[in-house]
Amino acid sequence: MLSGTYHFPRGFIWGTATSSHQVEGNNRNNDWTVWEEQPGRILNGDKAGQASGWWSGRWKDDLDRAVETGQNAHRLSIEWSRIQPTPDSWDEDAIEFYRQLLRGMQERKLMPYVTLHHFTSPLWVTEFGGWENPEVVEWFAAYTRKIVTALKEYCSLWVTINEPNVYWYSGYVLGVFPPGKQDIPAAFKVAVNLVKAHSAAYRIIHELQPNAQVGLAHNVQTITADRSWLPFDNWGAKIVSQAFNASFPDALRTGKLNMINHSARIPEAIGTQDYFGINYYTHSHFRFQPLNTKGLFHELQFRKDDLLSENGFIANKPLGFYRAIKWACQYGMPVYISENGVEDSKDTMRPRYLVEHIHQVWRAVNYNWPVKGYFHWSLIDNFEWERGWSQRFGLWGLDINTQARQRRPSVDIYQAICQENGIASEMIQRLVPDSYATIFPQ
Ligand code: BGC
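Quantities reported herein were computed from a predicted structural model and do not represent experimental measurements.

Some thoughts on the overall build of the protein chain
- Looking only at helices and strands, the protein chain has 15 helices and 17 strands in total.
- When its C-alpha atoms are laid out on the principal axes, the protein chain stretches across 65 × 55 × 45 Å.
- Burial status across the protein chain gives 61% buried among its 442 residues.
- Taking as baseline every contact in the protein chain between residues at least 6 positions apart, the subset at least 24 positions apart corresponds to 74%.
- Split by element, the accessible area of the protein chain, about 17,700 Å² in all, is 52% carbon and sulfur.
- Of the side chains in the protein chain, 43 bear a positive and 46 a negative charge, and the two mean positions are spaced by 5 Å.

See the structure below:
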């Protein structure tokens, strides 16, 4: 049997990722809180509620867990609705909460990676028309100035907006995120405002902190034709992939946002990305369906022999991850894996998913592709948006009634990788034998 270690470069960043609404709990002033009150919006009528209790201080023990398992960074987000509860007020106590949180990370030697917008917006923003209103660009800019001024002492790696593509697609095409619209022209308006808000935030952060690294966390879902012999499947896969994956990063390169039959010039977007953040979960296959008018004449599918997650939400497709990294590298900048993970309350698939995906990151760095860090989603189970508590992405499980944490077996393998800064054959053999032949082929 082969024995050896795939090493990562010295200083490689190993972490996990969370977001404010998903872990903090006790949120009362954002669009999701109202959305969760409406019948039928969230699976099983779930609510974020106390979430993972970070607002009441449980972040401390959770971050201790991250440190004990050899991680050296953590990605989290700031809840805009707490910082700016009304258009003309700032909540200094809330700002102090985040200062302490980042100070706590510094004490634990966890490098903070901070997101300014992760799907939730203050209620007043929604009341004034939300992200369809072009004024949101100025509102977001003012919030950015305030919070970055307060936190720049602790953080220099920023995500302005998490997954703008998922935001417009889920909120304005599928209608499963607030405001629950199915309105393509509105989706395009929102997309334009997201690009503009990002560009404004990029400039403000650099003005306040010239050495900052600023980017977006792009959700990249690699998509190929289901039937490679069928031109419709091939065209469809290309079109959907361009709209979903490439439209934002291209806009930041060219100053032009192109989404299917919509296009806008946004020259101020050019060059507003210092690194490429990839959130990768899975790869899917485009199948043209001429009768499926509701689903815009197609379906994105997994294959029969794919290894699927507990709720069938994610297929284990590490080669898609490799492709996503390769594709992102053509933008010519450093790459961070800002999210990658799988829902699996019983932790039967996660060990394989985790090591097989990290193995692809190793392949990428081995080609000298500039991948700088990996953030697993997530440290702890958290509120999964329209899927409520039905999906469990945590390395640690959470009992939402008692707030008890339960260490899942995957922690052992992630810990071994972080501490070794590499993947050793011995650890795979011992902890994830099912992946041995894939990662260390004889
Ligand atoms: C989002 C996270 C979410 C994860 C798993 C990502 O698209 O950024 O907020 O929890 O997917 O569903």
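Let's talk about the sheet that holds strand S11 (residues 283-288)
- Read across the sheet, three strands follow the order S7-S11-S12 without closing on themselves; strand pairing throughout is mixed. With partners counted over all chains shown, the strands left at the sheet margins are strand S7 (222-225) and strand S12 (298-301), one partner each. Going across the sheet, the axis of each strand differs from the next one's by a mean of 35°, ignoring polarity.
- Sheet topology places S7 next to S11; four bridges connect them, and they run parallel. Residue pairing for S11: isoleucine 223 is matched across the bridge by serine 284.

What to know about the pattern of salt bridges
- Taken as a whole and judged by the stated rule, the model has 23 salt bridges.
- Between glutamate 24 and arginine 82 there is a salt bridge, with the nearest N and O atoms lying 2.8 Å from each other. Residue glutamate 24 is located in the loop between helix H1 (20-23) and helix H2 (31-37), and its partner arginine 82 is located in helix H4 (residues 80-83); the two are separated by 58 residues in the primary sequence. Here the two residues glutamate 24 and arginine 82 agree in accessibility, since each one is buried.
- Across the salt bridge formed by arginine 430 and glutamate 426, the nearest N and O atoms sit 2.6 Å from each other.

A look at the nonpolar core
- Core analysis: the biggest nonpolar cluster contains 125 residues, and Trp131, Trp158, Leu257, Ile325 and Tyr374 have the highest contact counts within it.
- With 14 residues, the single largest contributor to this core is helix H9 (residues 184-208).
- Core analysis: the next-biggest nonpolar cluster, separate from the first, contains 17 residues, Ala17, Tyr275, Tyr281 and Met349 among them.

Description of the environment of glutamine 289
- When you line up the elements, glutamine 289 lands in the loop between S11 and S12.
- Each C-alpha atom, one on glutamine 289 and one on asparagine 165, is 23 Å from the other, the two residues being 124 residues apart in sequence.
- The contact partners of glutamine 289, leaving out residues within four places of it in the chain, are Phe297, His298, Glu299 and Gln301.

A word on the sheet that holds strand S14 (residues 371-376)
- Taken in spatial order, the eight strands line up as S2-S3-S4-S5-S6-S10-S13-S14 and close into a barrel, and their pairing is parallel. Going from strand to strand, the sheet's axes swing by 25° on average, the running direction of each strand aside.
- Each of strand S6 (213-219) and strand S10 (276-279) is contacted by helix H10 (residues 231-254), which is oriented at about 160° to S6, the strand it contacts most.
- Sheet strands in contact with helix H11 (residues 318-329) are S10, strand S13 (335-339) and S14, and its direction is about 160° off that of S10.

Let's talk about H11
- With 12 residues, H11 ought to run about 16 Å at 1.5 Å a step, and its terminal C-alpha atoms sit 17 Å apart, in line with that.
- Along H11, the residues classified as buried are Pro318, Gly320, Phe321, Tyr322, Ala324, Ile325, Ala328 and Cys329.
- Packing partners of the buried residues in H11 comprise S7, S10, S11, S13, helix H12 (350-366) and S14.

A short note on the packing of helix H8 (residues 164-172) against H10
- Axis separation between H8 and H10 bottoms out at 9 Å; the angle between their running directions is 135°. When the axis of H8 is compared with that of H10, the two are oblique. As for the relative orientation of H8 and H10, their crossing is right-handed in sense. The residues of H10 that touch H8, namely those facing Pro164, Asn165, Val166, Trp168 and Tyr169, are Ala243, Phe244 and Phe248.
- Residue composition of the contact of H8 with H10, by class: seven nonpolar, one polar and no charged.

So, the site of the ligand
- In the region of the ligand, 13 residues are neighbours, and Gln22, His118, Glu163, Glu384 and Trp385 sit closest.
- Here an oxygen atom of the ligand sits 3.0 Å away from a polar atom, N or O, in the side chain of asparagine 162.
- With the chains in place, 95% of the 310 Å² that the ligand exposes on its own is no longer accessible.
- A class-by-class count of the residues in the shell around the ligand yields five nonpolar, four polar and four charged.

Focus on the packing of aromatic side chains
- Tallying each qualifying case throughout the model produces 44 aromatic pairs.
- Measuring from ring centre to ring centre gives 5.0 Å for tyrosine 280 and phenylalanine 321, while their planes differ by 20°; the resulting arrangement is stacked. Of this pair, tyrosine 280 sits in the loop between S10 and S11 while phenylalanine 321 sits in helix H11, and the two are 41 residues apart along the sequence. Note on accessibility: tyrosine 280 and phenylalanine 321 belong to one class, buried.
- Taken together, the ring pairs in this structure connect Trp80, Trp124, Phe128, Trp131, Trp139, Phe140, Tyr143, Tyr167 and Tyr172 into an aromatic cluster.
- Positioned over the ring face of tryptophan 55 is arginine 82, at 3.6 Å from the centre of the ring.

Points about the pairing of strand S2 (residues 13-17)
- Among the five residues of S2, five are classified as buried, and the element is accordingly described as predominantly covered.
- By the alternation rule, side chains of S2 split into Ile13, Gly15 and Ala17 and Trp14 and Thr16, which are all buried.
- The pairing of S2 with S14 spans four bridges and is parallel. Looking across to S14, one finds that tryptophan 14 is bridged to tyrosine 374.
- Note: S2 against strand S3 (residues 73-77), three bridges, orientation parallel. Opposite threonine 16, over in S3, you have histidine 74 as the bridge partner.

Conventions we followed
- Residues numbered from 1 in each chain as written.
- Predicted model: local features only at pLDDT ≥ 70, side-chain atom pairs only at ≥ 80, totals over all residues.
- Heavy atoms only, no water.
- Helix = DSSP H or I, 4+ residues; strand = E, 2+ residues; numbered from the N terminus.
- Buried < 20%, exposed > 50% of the residue type's maximum accessible area, 1.4 Å probe, protein only.
- Contact = heavy atoms within 4.5 Å.
- Areas by Shrake-Rupley, 256 points an atom, 1.4 Å probe, with all protein chains shown as cover.
- Lys, Arg positive; Asp, Glu negative; His and termini not counted.
- Charge placed at Lys NZ, Arg CZ, Asp CG, Glu CD.
- Pairing = 2+ DSSP bridges.
- Axes fitted to C-alpha atoms, helices over the stretch in contact; angles between N-to-C directions.
- Salt bridge = Lys/Arg side-chain N within 4 Å of Asp/Glu carboxyl O.
- Core = buried A, V, L, I, M, F, W, Y, C linked by side-chain atoms within 4.5 Å.
- Expected span 1.5 Å × (residues − 1).
- Parallel < 35°, antiparallel > 145°, perpendicular 65-115°, else oblique.
- Left-handed = near helix turned anticlockwise from the far one by under 90°.
- Nonpolar A, V, L, I, M, F, W, Y, C, P; charged D, E, K, R; others polar.
- Near = heavy atom within 4 Å.
- Polar contact = N/O pair within 3.5 Å; in protein donor to acceptor, adjacent residues only side chain to side chain.
- Phe/Tyr/Trp six-rings, centres within 6.5 Å; stacked < 30°, edge-to-face > 60°.
- Lys NZ or Arg CZ within 6 Å of the ring centre and 35° of its normal.

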